[in-house]
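# Reading the structure
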Amino acid sequence: MKESDQTKDLTWDFDQSWGSFLQSNTRLCLNTFDFSDLWDEESSTEDEGTNATNEPSKVLKDPPAPPPLPPLPPPLPSISPKGETIKCRTLKLHWKELQNLAPLPRMTRFGMQTIWAGLEPVHLDTNRLEYLFESKGSSTSFNVVSGRQKQSPLSVLGLKRSNIITIALSRLPPPRLLPPAIYSMDSCVLDRDDIQRLQELIPTEEELSLIREASAQNPHMPLAQAEVCLLFLGEIPHLSTRFQLWAFALDYDSLEREIAEPLFHLKLAMEQLAASQTFRCILATVLAIGNFLNGCKARGFELSYLGKLSQVRDTHTRQPLLHHVCVLLLQLYPQSTDLYSDVTSVNKASKNDYSQVQSNFTQLEAQCKASWEQLKLLNKAEEKQKGRKGEKRRESDDALSLDGSLRHRLPKILKDYEERLKVLRAVHRRVMNRFHSFLLFLGYSRAMVRDTTPEDFCKNISNFSLEYRTMRQAILQQRERERQRSGAESPGPNTPVGRRKHQQTALQVSDEQSRLEEVLKTPVSMTRLDVTLPRNRRRMLDIQGPFSQKLKW
């Protein structure tokens with residue numbers, strides 16, 4: 001019954017459609033992203049409008065929607081103190097009005113009504129709006145805004161340069177928002193990628209002069225988007241210095257990690273090698289084999305020779321020496337490991353270039369020193385700007401720099417970076433010194449220590465550990481196959497071959513037993529002395545001569 005039930009269940013599982021699997025109530029979690037708040041009703045991909053009109057039965061499953069709210073009364077026209085209505089033309093907003101804002105066809109995560117139904121009325125000062133947006137029919141600007149007059153934008157840059165700027169602006173905020181964000185170094189507006197794009201858009205003096213001259217000669221023609229962006233950027237003093245300082249403040253953590261992480265892997269690699277008992281057993285086994293083959297008593301060897309064990313082969317089975325080392329370790333040290341899993345940090349350290357780590361550290365020190373000089377330059381420039389009067393833009397920029405922005409916190413941040421750089425300098429020096437002492441611990445001479453780089457050493461050990469693990473697994477798999485083969489070839493006692501062998505063995509035992517009984521029944525002749533058997537132990541011990549030594553027990 002159980003087997004039939006299982007087959008029924010399997011058949012039912014295989015007969016299910018793919019849609020039934022998708023409709024299972026599983027928790028909607030993908031790695032660290034939790035989508036469990038999504039509703040089952042949101043699995044429908046049908047259009048809400050057509051669903052509401054063509055399939056009313058589905059809509060009736062949910063509770064009926066309340067009737068729509070009555071439309072708001074039209075705003076009352078503003079009345080003057082004398083009771084006269086002000087008739088003034090204002091600028092029009094050319095938006096696309098939404099029509100028929102009916103309630104939603106069913107309950108959603110956001111409710112039954114649209115967002116417009118829940119908005120509160122806003123009381124406006126209509127008199128001021130009429131004054132501010134009064135329409136002037138003869139003005140050219142109104143015609144431009146309303147779309148009645150459209151002129152081609154003025155472009156003075158080359159086609160390639162203009163295309164580069166236009167493509168970059170498609171991923172940047174509007175050009176008019178760039179100067180405030182750059183002054184305050186607002187990372188919420190511009191991230192690290194945006195800063196890199198803006199560094200490529202820094203205008204030259206020649207470009208700025210061309211744009212200004214063209215704008216002065218054609219005051220009524222609008223500038224193209226690329227030219228407008230360069231003008232906004234050109235108004236910011238020390239633009240390149242600001243970008244460099246900003247980028248360094250954002251990149252320091254990653255630059256520090258590029259130096260600290262390889263050093264940490266190297267430190268752990270030395271600790272893992274020193275603590276690995278399998279590594280010590282391998283060294284001892286290879287040293288013993290080498291001393292026997294060379295006929296010497298060497299006390300150690302350079303570890304780079306471990307990579308050549310797979311190249312030396314015996315003259316009979318043509319197996320590599322590494323194969324025999326693995327066999328000996330499995331025989332003499334059955335608790336030994338595959339070595340590769342013991343030195344994971346060695347494998348990570350072998351992928352780093354420690355000469356590049358030294359170069360990165362030198363560059364980081366230079367950048368930290370240059371950042372202080374750049375900060376001093378910006379402070380002097382801002383002090384001069386504060387001394388000027390009548391510049392509203394500078395006053396707003398000063399207000400931006402006085403809040404908790406990155407620009408205001410730069411002195412404290414650079415001071416913290418300087419302290420962390422001191423720690424990084426000490427860590428780098430001590431890890432490299434420990435590596436040199438580790439090579440001395442392995443028996444290297446001082447000349448060899450100077451010529452051995454961390455990446456070469458770790459690369460040799462990592463490659464050998466991988467070869468050793470591969471060879472060890474091959475030997476264990478071969479032994480397992482032989483064990484299975486021998487188990488398959490040896491017949492069991494219940495098989496015909498096994499019963500035949502058991503009968504033959506029983507016959508042999510019975511024949512030997514009968515022969516022994518015949519020997520025991522045969523009378524012994526006492527006429528001939530058998531000198532191989534001692535007659536009297538005390539008399540035999542007294543006999544002197546070589547014959548007595550042969551008969552001694």
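From a predicted model like this one, the values you see are computed outputs, not experimental measurements.

## Some points on the overall build of the protein
Helix and strand counts for the protein stand at 23 helices and two strands. In the protein, buried positions account for 26% of the 553 residues. When the accessible area of the protein is evaluated, it comes to approximately 40,600 Å², of which 56% is carbon and sulfur surface.

## Overview of helix H14 (residues 321-332)
Residue pairs spaced three or four apart in an α-helix point in one direction, given the helix's 3.6 residues per turn. Here H14 spans 16 Å end to end across 12 residues, near enough to the 16 Å set by a 1.5 Å rise per residue. By the burial criterion, the buried members of H14 are Leu321, Leu322, His323, Val325, Cys326, Leu329 and Leu330.

## A closer look at the confidence of the model for the protein
Taken as a whole, the protein shows an average pLDDT of 78; of its residues, 70% reach a score of 70 or greater. The secondary structure element of the protein with the lowest average pLDDT is helix H4 (residues 56-59), at 42, and the one with the highest is helix H15 (residues 344-349), at 94. Note that residues 47-62 has pLDDT below 50 and, in this model, 14 contacts with residues that lie over four places away or in other chains. Long-range and interchain partners of residues 539-544, a stretch whose pLDDT sits below 50, account for four contacts in this model, where long-range means more than four residues apart.

## Remarks on helix H18 (residues 406-441)
In this model H18 runs 49 Å from its N-terminal to its C-terminal C-alpha over 36 residues, within 8% of the 52 Å that 1.5 Å per residue would give. At Lys412, H18 shows its maximal kink, close to 35 degrees. Positive phi appears at Gly443, one or two residues downstream of H18, with a value of about 100 degrees.

## Some details on the pattern of salt bridges
Following the criterion strictly, the structure yields 14 salt bridges and no others. For Asp251, the salt bridge goes to Arg192, with nearest N and O atoms at 2.8 Å. Taken as a pair, Asp251 in helix H12 (residues 239-275) and Arg192 in helix H9 (residues 192-200) lie far apart in primary sequence, 59 residues in all. Owing to a relative accessible area of 28%, Arg192 belongs among the partly exposed residues under this scheme. Of the charged contacts in the structure, one is a salt bridge between Glu382 and Arg407, with a shortest N-O distance of 3.1 Å. Residue Glu382 is located in helix H16 (residues 354-387), and its partner Arg407 is located in helix H18; the two are separated by 25 residues in the primary sequence. Comparing Glu382 with Arg407 shows no difference in burial state: the two are buried. One continuous salt-bridge network, built from bridges that share partners, spans Asp253, Glu256, Asp416 and Arg420.

## Regarding the nonpolar core
The biggest cluster of nonpolar side chains holds 81 residues, and the ones touching the most others in it are Ile182, Leu198 and Phe457. Leu198 has contacts with Leu172, Leu178, Ile182, Leu190, Leu233 and Phe243, leaving out every residue within four places of it along the chain.

## Notes on a nonpolar patch on the surface
Residues Leu91, Val122, Leu124, Leu129, Tyr131, Leu132 and Phe133 make up a contiguous nonpolar surface patch of roughly 720 Å² in combined accessible area. Relative to the helices and strands, Leu124 resides in the loop between H4 and helix H5 (126-132). Look at Leu124 and you get exposed, because its relative accessible area is 58%.

## Observations regarding the side chain of Asp314
Along the chain, Asp314 turns up in the loop between helix H13 (277-294) and H14. Although buried, Asp314 forms no salt bridge, and the nearest oppositely charged side chain, Arg318, lies 6.3 Å from it. Polar side-chain contacts of Asp314 include one of 2.8 Å to the backbone nitrogen of Arg318. Side-chain polar atoms of Asp314 contact the backbone nitrogen of Gln319, separated by 3.0 Å. For Asp314, the residues in contact, after removing those within four places along its chain, are Gln319 and His324.

Cut-offs used in this document
Residues numbered from 1 in each chain as written. Predicted model: local features only at pLDDT ≥ 70, side-chain atom pairs only at ≥ 80, totals over all residues. Heavy atoms only, no water. Helix = DSSP H or I, 4+ residues; strand = E, 2+ residues; numbered from the N terminus. Buried < 20%, exposed > 50% of the residue type's maximum accessible area, 1.4 Å probe, protein only. Areas by Shrake-Rupley, 256 points an atom, 1.4 Å probe, with all protein chains shown as cover. Expected span 1.5 Å × (residues − 1). pLDDT = per-residue confidence, 0-100. Contact = heavy atoms within 4.5 Å. Bend = angle between axes of the 7 residues up to and from the residue. Salt bridge = Lys/Arg side-chain N within 4 Å of Asp/Glu carboxyl O. Core = buried A, V, L, I, M, F, W, Y, C linked by side-chain atoms within 4.5 Å. Patch = residues over 30% accessible without salt bridge, like charges linked within 9 Å, V, L, I, M, F, W, Y side chains within 5 Å. Lys, Arg positive; Asp, Glu negative; His and termini not counted. Polar contact = N/O pair within 3.5 Å; in protein donor to acceptor, adjacent residues only side chain to side chain.

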